[in-house]
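Residues per chain, in single letters:
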Amino acid sequence: MNQTHQIMEAAHEHRGARLPQFLIDKKQLAEGESFGFTCHPGVPCFNSCCADVNIVLTPFDVLRLARRLGMNTQNFLETHTSNPITKDLQLPMVMLKMKDEDAKPCPFVGDEGCTVYDDRPWACRMYPLGMAIPPARAGEEPKPMYFLFEDDHCKGRHQPDCKQWTEQSWRSDQGLEVQDDLEAGFRDLVSHPWFIGGRTLDPKRMHMFYTACYNLDTFRTFVFESSFCERFDIQPEALEELKTNDEALLRFAFQWLRFALFAEPTLKVKEAAVEGSQP
Ligand code: SF4
Ligand code: SF4
(Lines give C-alpha, C1' and ligand atoms only; values in the text may rest on other atoms or scores of the structure.)
(Ligands and ions follow the chains in the order given, each with its own letter.)
Protein backbone atom coordinates (compact mmCIF):
# COMPACT_ATOMS: atom_id res chain seq x y z
CA MET A 1 0.00 0.00 0.00
CA ASN A 2 1.52 3.34 -0.96
CA GLN A 3 1.38 6.57 0.98
CA THR A 4 -1.56 7.97 -0.93
CA HIS A 5 -3.55 4.86 -0.12
CA GLN A 6 -2.90 5.22 3.57
CA ILE A 7 -3.72 8.87 3.62
CA MET A 8 -7.00 8.59 1.83
CA GLU A 9 -8.01 5.48 3.69
CA ALA A 10 -7.50 7.38 6.90
CA ALA A 11 -9.48 10.29 5.53
CA HIS A 12 -12.40 7.91 5.14
CA GLU A 13 -12.11 6.24 8.47
CA HIS A 14 -15.28 6.82 10.42
CA ARG A 15 -16.44 3.37 11.22
CA GLY A 16 -13.66 2.17 13.48
CA ALA A 17 -14.17 1.66 17.17
CA ARG A 18 -10.58 2.79 17.72
CA LEU A 19 -8.16 5.24 16.18
CA PRO A 20 -6.87 3.88 12.87
CA GLN A 21 -3.15 3.07 12.98
CA PHE A 22 -2.20 5.71 10.42
CA LEU A 23 -3.99 8.51 12.26
CA ILE A 24 -1.92 7.99 15.36
CA ASP A 25 0.95 10.29 14.28
CA LYS A 26 -1.29 12.81 12.51
CA LYS A 27 -1.95 16.24 13.88
CA GLN A 28 -5.26 16.32 15.73
CA LEU A 29 -7.10 19.60 15.36
CA ALA A 30 -8.27 21.23 18.55
CA GLU A 31 -11.78 22.67 18.48
CA GLY A 32 -11.70 25.87 16.43
CA GLU A 33 -8.03 25.41 15.40
CA SER A 34 -7.29 26.68 11.88
CA PHE A 35 -5.22 25.32 9.00
CA GLY A 36 -4.17 26.78 5.64
CA PHE A 37 -5.22 25.06 2.42
CA THR A 38 -6.31 25.57 -1.16
CA CYS A 39 -7.00 23.21 -4.07
CA HIS A 40 -7.77 24.28 -7.64
CA PRO A 41 -6.55 23.61 -11.20
CA GLY A 42 -3.59 25.99 -10.64
CA VAL A 43 -1.90 23.90 -7.94
CA PRO A 44 1.12 21.92 -9.28
CA CYS A 45 -0.26 18.64 -7.92
CA PHE A 46 -3.72 19.05 -9.49
CA ASN A 47 -5.43 15.69 -10.07
CA SER A 48 -2.44 13.74 -8.75
CA CYS A 49 -4.41 12.50 -5.74
CA CYS A 50 -7.23 11.08 -7.89
CA ALA A 51 -5.47 7.80 -8.74
CA ASP A 52 -4.40 4.63 -6.95
CA VAL A 53 -6.33 5.60 -3.89
CA ASN A 54 -8.58 3.77 -1.42
CA ILE A 55 -11.89 5.54 -1.19
CA VAL A 56 -14.40 4.02 1.18
CA LEU A 57 -17.92 5.02 0.12
CA THR A 58 -20.69 5.87 2.54
CA PRO A 59 -24.29 4.82 1.76
CA PHE A 60 -25.09 8.38 0.68
CA ASP A 61 -22.01 8.43 -1.59
CA VAL A 62 -23.25 5.29 -3.34
CA LEU A 63 -26.72 6.72 -3.74
CA ARG A 64 -25.58 10.06 -5.11
CA LEU A 65 -23.03 8.61 -7.51
CA ALA A 66 -25.49 6.01 -8.79
CA ARG A 67 -28.11 8.69 -9.44
CA ARG A 68 -25.51 10.99 -11.01
CA LEU A 69 -24.54 8.23 -13.44
CA GLY A 70 -28.16 7.25 -14.12
CA MET A 71 -27.58 3.75 -12.73
CA ASN A 72 -29.54 1.72 -10.24
CA THR A 73 -27.62 0.97 -7.06
CA GLN A 74 -27.11 -2.70 -7.94
CA ASN A 75 -25.44 -1.81 -11.27
CA PHE A 76 -23.39 0.92 -9.66
CA LEU A 77 -22.13 -1.43 -6.95
CA GLU A 78 -21.26 -4.12 -9.49
CA THR A 79 -19.53 -1.71 -11.88
CA HIS A 80 -17.74 0.74 -9.64
CA THR A 81 -17.10 -0.81 -6.26
CA SER A 82 -15.30 -3.62 -4.51
CA ASN A 83 -15.73 -5.11 -1.04
CA PRO A 84 -12.40 -5.65 0.69
CA ILE A 85 -12.35 -8.28 3.38
CA THR A 86 -10.09 -7.72 6.36
CA LYS A 87 -9.64 -9.97 9.36
CA ASP A 88 -11.17 -7.53 11.82
CA LEU A 89 -14.00 -6.37 9.55
CA GLN A 90 -17.12 -5.87 11.65
CA LEU A 91 -19.29 -4.53 8.84
CA PRO A 92 -19.34 -4.62 5.03
CA MET A 93 -17.09 -2.04 3.42
CA VAL A 94 -17.65 -0.56 -0.04
CA MET A 95 -14.73 0.95 -1.92
CA LEU A 96 -14.59 2.87 -5.18
CA LYS A 97 -12.86 0.73 -7.83
CA MET A 98 -10.01 2.44 -9.66
CA LYS A 99 -9.59 1.87 -13.40
CA ASP A 100 -7.65 -1.19 -14.45
CA GLU A 101 -4.75 0.82 -15.95
CA ASP A 102 -1.13 1.20 -14.81
CA ALA A 103 -1.74 4.50 -13.02
CA LYS A 104 -5.05 3.22 -11.59
CA PRO A 105 -6.91 6.49 -12.13
CA CYS A 106 -10.25 7.10 -10.49
CA PRO A 107 -12.96 6.40 -13.10
CA PHE A 108 -14.29 9.92 -12.56
CA VAL A 109 -11.17 12.01 -13.00
CA GLY A 110 -10.88 14.13 -16.15
CA ASP A 111 -8.35 16.65 -17.44
CA GLU A 112 -10.21 19.44 -15.73
CA GLY A 113 -10.70 17.64 -12.45
CA CYS A 114 -13.46 15.58 -10.94
CA THR A 115 -16.27 14.94 -13.43
CA VAL A 116 -18.73 14.14 -10.65
CA TYR A 117 -17.66 17.06 -8.49
CA ASP A 118 -21.11 17.99 -7.15
CA ASP A 119 -21.66 14.38 -6.16
CA ARG A 120 -18.10 13.46 -5.15
CA PRO A 121 -17.70 11.14 -2.18
CA TRP A 122 -17.52 12.18 1.44
CA ALA A 123 -13.81 11.37 1.67
CA CYS A 124 -12.90 13.48 -1.38
CA ARG A 125 -14.68 16.41 0.23
CA MET A 126 -13.01 15.89 3.59
CA TYR A 127 -9.38 15.81 2.44
CA PRO A 128 -6.99 17.16 3.85
CA LEU A 129 -8.96 16.35 6.98
CA GLY A 130 -9.42 12.88 8.41
CA MET A 131 -12.01 11.93 10.94
CA ALA A 132 -12.30 9.19 13.54
CA ILE A 133 -15.01 8.24 16.00
CA PRO A 134 -13.82 7.33 19.49
CA PRO A 135 -14.90 4.01 20.99
CA ALA A 136 -18.65 3.75 21.55
CA ARG A 137 -19.90 3.81 25.13
CA ALA A 138 -23.46 3.02 26.10
CA GLY A 139 -25.46 6.19 26.77
CA GLU A 140 -22.81 8.50 25.32
CA GLU A 141 -22.83 10.25 21.97
CA PRO A 142 -19.36 9.71 20.42
CA LYS A 143 -17.83 13.00 19.30
CA PRO A 144 -15.82 12.96 16.04
CA MET A 145 -12.13 13.82 16.19
CA TYR A 146 -10.52 15.62 13.26
CA PHE A 147 -6.97 15.22 11.98
CA LEU A 148 -4.93 17.15 9.44
CA PHE A 149 -2.91 15.36 6.77
CA GLU A 150 0.29 17.19 5.91
CA ASP A 151 1.40 15.05 2.99
CA ASP A 152 4.44 15.88 0.87
CA HIS A 153 2.64 15.10 -2.39
CA CYS A 154 -0.14 17.56 -1.63
CA LYS A 155 0.98 21.14 -2.27
CA GLY A 156 -2.32 22.68 -1.23
CA ARG A 157 -0.98 24.08 2.02
CA HIS A 158 2.03 25.82 0.42
CA GLN A 159 0.22 27.99 -2.12
CA PRO A 160 0.31 31.80 -1.92
CA ASP A 161 -3.50 31.89 -2.13
CA CYS A 162 -3.99 29.53 0.82
CA LYS A 163 -7.06 30.31 2.90
CA GLN A 164 -7.45 29.65 6.59
CA TRP A 165 -10.07 27.09 7.58
CA THR A 166 -11.41 25.45 10.67
CA GLU A 167 -12.88 21.96 10.61
CA GLN A 168 -16.30 23.57 10.64
CA SER A 169 -15.72 26.12 7.87
CA TRP A 170 -14.02 23.47 5.69
CA ARG A 171 -16.93 21.08 6.10
CA SER A 172 -19.36 23.86 5.29
CA ASP A 173 -17.36 24.95 2.20
CA GLN A 174 -17.26 21.38 0.92
CA GLY A 175 -21.01 20.88 1.26
CA LEU A 176 -20.55 18.30 4.00
CA GLU A 177 -23.06 19.88 6.33
CA VAL A 178 -25.85 19.39 3.78
CA GLN A 179 -25.47 15.63 4.03
CA ASP A 180 -24.67 15.59 7.73
CA ASP A 181 -27.85 13.98 9.02
CA LEU A 182 -27.51 11.05 6.60
CA GLU A 183 -23.83 10.60 7.38
CA ALA A 184 -24.55 10.91 11.12
CA GLY A 185 -27.32 8.30 10.82
CA PHE A 186 -24.80 5.94 9.26
CA ARG A 187 -22.13 6.78 11.83
CA ASP A 188 -24.57 6.04 14.64
CA LEU A 189 -25.09 2.59 13.16
CA VAL A 190 -21.45 1.70 12.66
CA SER A 191 -20.36 3.05 16.05
CA HIS A 192 -23.33 1.50 17.88
CA PRO A 193 -22.59 0.27 21.43
CA TRP A 194 -23.77 -3.19 20.28
CA PHE A 195 -20.31 -3.56 18.69
CA ILE A 196 -18.47 -2.92 21.98
CA GLY A 197 -16.09 -5.76 22.65
CA GLY A 198 -15.69 -6.65 18.97
CA ARG A 199 -19.08 -8.34 18.41
CA THR A 200 -19.73 -9.08 14.76
CA LEU A 201 -22.83 -9.71 12.67
CA ASP A 202 -23.50 -13.15 11.22
CA PRO A 203 -23.38 -13.45 7.39
CA LYS A 204 -27.17 -13.06 7.04
CA ARG A 205 -27.17 -9.83 9.03
CA MET A 206 -24.07 -8.59 7.20
CA HIS A 207 -26.03 -9.02 3.98
CA MET A 208 -29.03 -7.17 5.45
CA PHE A 209 -26.74 -4.32 6.45
CA TYR A 210 -25.13 -4.19 3.00
CA THR A 211 -28.45 -4.20 1.15
CA ALA A 212 -30.20 -1.64 3.35
CA CYS A 213 -27.25 0.76 3.44
CA TYR A 214 -25.79 0.48 -0.04
CA ASN A 215 -28.17 -1.28 -2.41
CA LEU A 216 -31.11 1.03 -1.88
CA ASP A 217 -33.04 0.07 -5.01
CA THR A 218 -33.01 -3.57 -3.92
CA PHE A 219 -34.02 -2.52 -0.40
CA ARG A 220 -36.97 -0.61 -1.91
CA THR A 221 -38.06 -3.77 -3.75
CA PHE A 222 -37.80 -5.67 -0.46
CA VAL A 223 -39.98 -3.11 1.33
CA PHE A 224 -42.68 -2.97 -1.32
CA GLU A 225 -42.65 -6.44 -2.83
CA SER A 226 -42.33 -8.66 0.24
CA SER A 227 -44.54 -9.04 3.33
CA PHE A 228 -42.64 -6.13 4.93
CA CYS A 229 -45.58 -3.67 4.81
CA GLU A 230 -47.90 -6.27 6.34
CA ARG A 231 -45.57 -6.68 9.30
CA PHE A 232 -44.76 -3.06 10.17
CA ASP A 233 -47.10 -0.27 11.14
CA ILE A 234 -46.06 2.57 8.83
CA GLN A 235 -48.25 5.60 8.10
CA PRO A 236 -49.62 5.52 4.51
CA GLU A 237 -48.14 8.97 3.71
CA ALA A 238 -44.72 7.90 4.98
CA LEU A 239 -44.94 4.72 2.95
CA GLU A 240 -45.89 6.68 -0.14
CA GLU A 241 -42.85 8.92 0.32
CA LEU A 242 -40.53 5.92 0.56
CA LYS A 243 -41.58 4.88 -2.95
CA THR A 244 -39.95 7.89 -4.57
CA ASN A 245 -37.78 9.75 -2.05
CA ASP A 246 -34.34 8.11 -1.89
CA GLU A 247 -33.10 10.08 1.09
CA ALA A 248 -36.25 9.27 3.09
CA LEU A 249 -35.77 5.61 2.19
CA LEU A 250 -32.14 5.69 3.34
CA ARG A 251 -33.16 7.22 6.70
CA PHE A 252 -35.82 4.53 6.97
CA ALA A 253 -33.23 1.84 6.14
CA PHE A 254 -31.10 3.04 9.08
CA GLN A 255 -34.17 2.88 11.37
CA TRP A 256 -34.99 -0.60 10.18
CA LEU A 257 -31.41 -1.78 10.78
CA ARG A 258 -31.50 -0.45 14.33
CA PHE A 259 -34.69 -2.45 14.84
CA ALA A 260 -33.50 -5.61 13.12
CA LEU A 261 -29.88 -5.70 14.32
CA PHE A 262 -29.97 -4.07 17.73
CA ALA A 263 -33.61 -4.70 18.76
CA GLU A 264 -34.28 -0.98 19.21
CA PRO A 265 -37.95 0.14 19.11
CA THR A 266 -37.45 2.27 15.99
CA LEU A 267 -40.32 0.57 14.11
CA LYS A 268 -43.70 -0.63 15.28
CA VAL A 269 -44.77 -4.18 14.45
CA LYS A 270 -48.46 -4.57 13.51
CA GLU A 271 -50.51 -6.36 16.15
CA ALA A 272 -51.67 -8.96 13.64
CA ALA A 273 -48.04 -9.73 12.79
CA VAL A 274 -47.20 -10.13 16.50
CA GLU A 275 -50.16 -12.47 17.00
CA GLY A 276 -49.27 -14.35 13.82
CA SER A 277 -45.77 -14.91 15.11
CA GLN A 278 -47.02 -16.55 18.34
CA PRO A 279 -46.12 -20.25 18.49
S1 SF4 B 1 -14.40 10.97 -7.12
FE2 SF4 B 1 -13.58 12.86 -8.00
S3 SF4 B 1 -12.45 13.87 -6.33
FE4 SF4 B 1 -12.76 11.72 -5.74
S5 SF4 B 1 -10.91 10.62 -6.42
FE6 SF4 B 1 -12.43 10.47 -8.08
S7 SF4 B 1 -12.02 12.20 -9.43
FE8 SF4 B 1 -10.97 12.60 -7.47
S1 SF4 C 1 -3.76 20.24 -3.49
FE2 SF4 C 1 -3.85 18.20 -2.52
S3 SF4 C 1 -6.01 17.68 -2.70
FE4 SF4 C 1 -5.62 19.32 -4.18
S5 SF4 C 1 -5.08 18.30 -6.11
FE6 SF4 C 1 -3.16 18.67 -5.01
S7 SF4 C 1 -2.84 16.72 -3.92
FE8 SF4 C 1 -4.97 16.76 -4.49
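As the structure is a computational prediction, the values presented were derived from the model and not from experiment. (Residues numbered from 1 in each chain as written. Chains lettered and ligands numbered in written order. Predicted model: local features only at pLDDT ≥ 70, side-chain atom pairs only at ≥ 80, totals over all residues.)

### Some details on the overall build of the protein chain
Consideration 1: Looking only at helices and strands, the protein chain features 12 helices and 9 strands.
Consideration 2: Within the span of the protein chain, comprising 279 residues, buried residues form 29% of the whole. (Helix = DSSP H or I, 4+ residues; strand = E, 2+ residues; numbered from the N terminus. Buried ≥ 20, exposed ≤ 12 C-beta atoms within 10 Å, placed from the backbone.)

### Details of the site of ligand 1
Consideration 1: Neighbouring ligand 1 are the residues C50, I55, C106, F108, V109, C114, V116, R120, P121 and C124.
Consideration 2: Broken down by class, the residue content of the shell around ligand 1 amounts to 9 nonpolar, no polar and 1 charged. (Near = placed C-beta within 6 Å. Nonpolar A, V, L, I, M, F, W, Y, C, P; charged D, E, K, R; others polar.)

### Brief notes about the site of ligand 2
Consideration 1: Surrounding ligand 2, one finds C39, V43, C45, F46, S48, C49, Y127, H153, C154, K155 and G156.
Consideration 2: Residues that form the shell around ligand 2 fall into these classes: 7 nonpolar, 3 polar and 1 charged.

### Structural notes on helix α2 (residues 59-68)
At 3.6 residues per turn, the α-helix brings residues three or four places apart onto the same side.
Consideration 1: The buried fraction of α2 is high, at 8 of 10 residues.
Consideration 2: Those residues of α2 that fall on the buried side of the exposure criterion are P59, F60, D61, V62, L63, R64, L65 and A66.
Consideration 3: Buried residues along α2 sit against α3 (73-80), α4 (122-126), α6 (180-190), α7 (203-214), α8 (216-225) and α11 (246-262).
Consideration 4: Directly after α2, the chain includes G70, whose backbone phi takes a positive value near 70°. (Contact = placed C-beta atoms within 7 Å.)

### A short note on the nonpolar core
Most often, soluble globular proteins keep nonpolar side chains buried together rather than apart.
Consideration 1: Core analysis: the largest hydrophobic core is formed by 52 residues, its most contacted members being I55, V62, A123, L129, A212, L250 and A253.
Consideration 2: Residues lining this core come from more than one domain, with at least three contributed by each of domain 1 (9-194) and domain 2 (201-277).
Consideration 3: Those residues in contact with L250, other than ones at most four positions away along the chain, are P59, F60, L63, L182 and L216. (Core = buried A, V, L, I, M, F, W, Y, C linked by C-beta atoms within 7 Å. Domains from an automatic or database assignment.)

### Focus on α6
Consideration 1: Considered for burial, the residues of α6 that qualify are L182, F186 and L189. Along the axis of α6, the buried positions cluster into a sector of 55°, meaning they face one direction only. Projecting away from the buried face of α6 at angles above 90 degrees are the exposed residues D180 and D181.
Consideration 2: The inward-facing, buried residues of α6 abut α2, α7 and α11. (Arc of directions from axis to C-beta.)

### A look at the environment of E33
Consideration 1: Here E33 lies in the loop between β1 (27-28) and β2 (34-37).
Consideration 2: Residues E33 and T166, spaced 133 residues apart in sequence, show a C-alpha to C-alpha distance of 5.8 Å.

### Remarks on unusual backbone geometry
Consideration 1: The residue after Y127, namely P128, is reached through a cis peptide bond having omega 15°.
Consideration 2: By secondary structure assignment, the location of P128 is in the loop between α4 and β7 (129-132).
Consideration 3: Phi at D52 takes a positive value of approximately 50°, unusual for a residue other than glycine.
Consideration 4: Inspection of the secondary structure assignment puts D52 in the loop between β2 and α2.
Consideration 5: The phi dihedral of K104 is positive, around 50°, even though this residue is not glycine.
Consideration 6: Structurally, the position occupied by K104 is in the loop between β4 (95-96) and β5 (109-110).

### Things to note about the sheet that holds β1
Consideration 1: Judged by pairing direction, the sheet is antiparallel, and its 3 strands sit side by side in the order β1-β8-β7 without closing on themselves. With one partner strand each, in any of the chains shown, β1 and β7 form the two edges of the open sheet.
Consideration 2: Across 2 bridges, β1 lies against strand β8 (residues 145-148) in antiparallel orientation. Among the inter-strand pairings, Q28 is bridged to a residue of β8, identified as F147. (Pairing = 2+ DSSP bridges.)

### Side note on the confidence of the model for the protein chain
Consideration 1: Model confidence for the protein chain is summarised by a mean pLDDT of 87, while 85% of its residues fall at 70 or above.
Consideration 2: Per-element averaging of pLDDT across the protein chain places helix α1 (residues 3-12) at the bottom with 43 and α3 at the top with 98.
Consideration 3: Predicted confidence for residues 1-17 stays below pLDDT 50, and this span has 47 contacts to residues more than four positions away or in other chains. (pLDDT = per-residue confidence, 0-100.)

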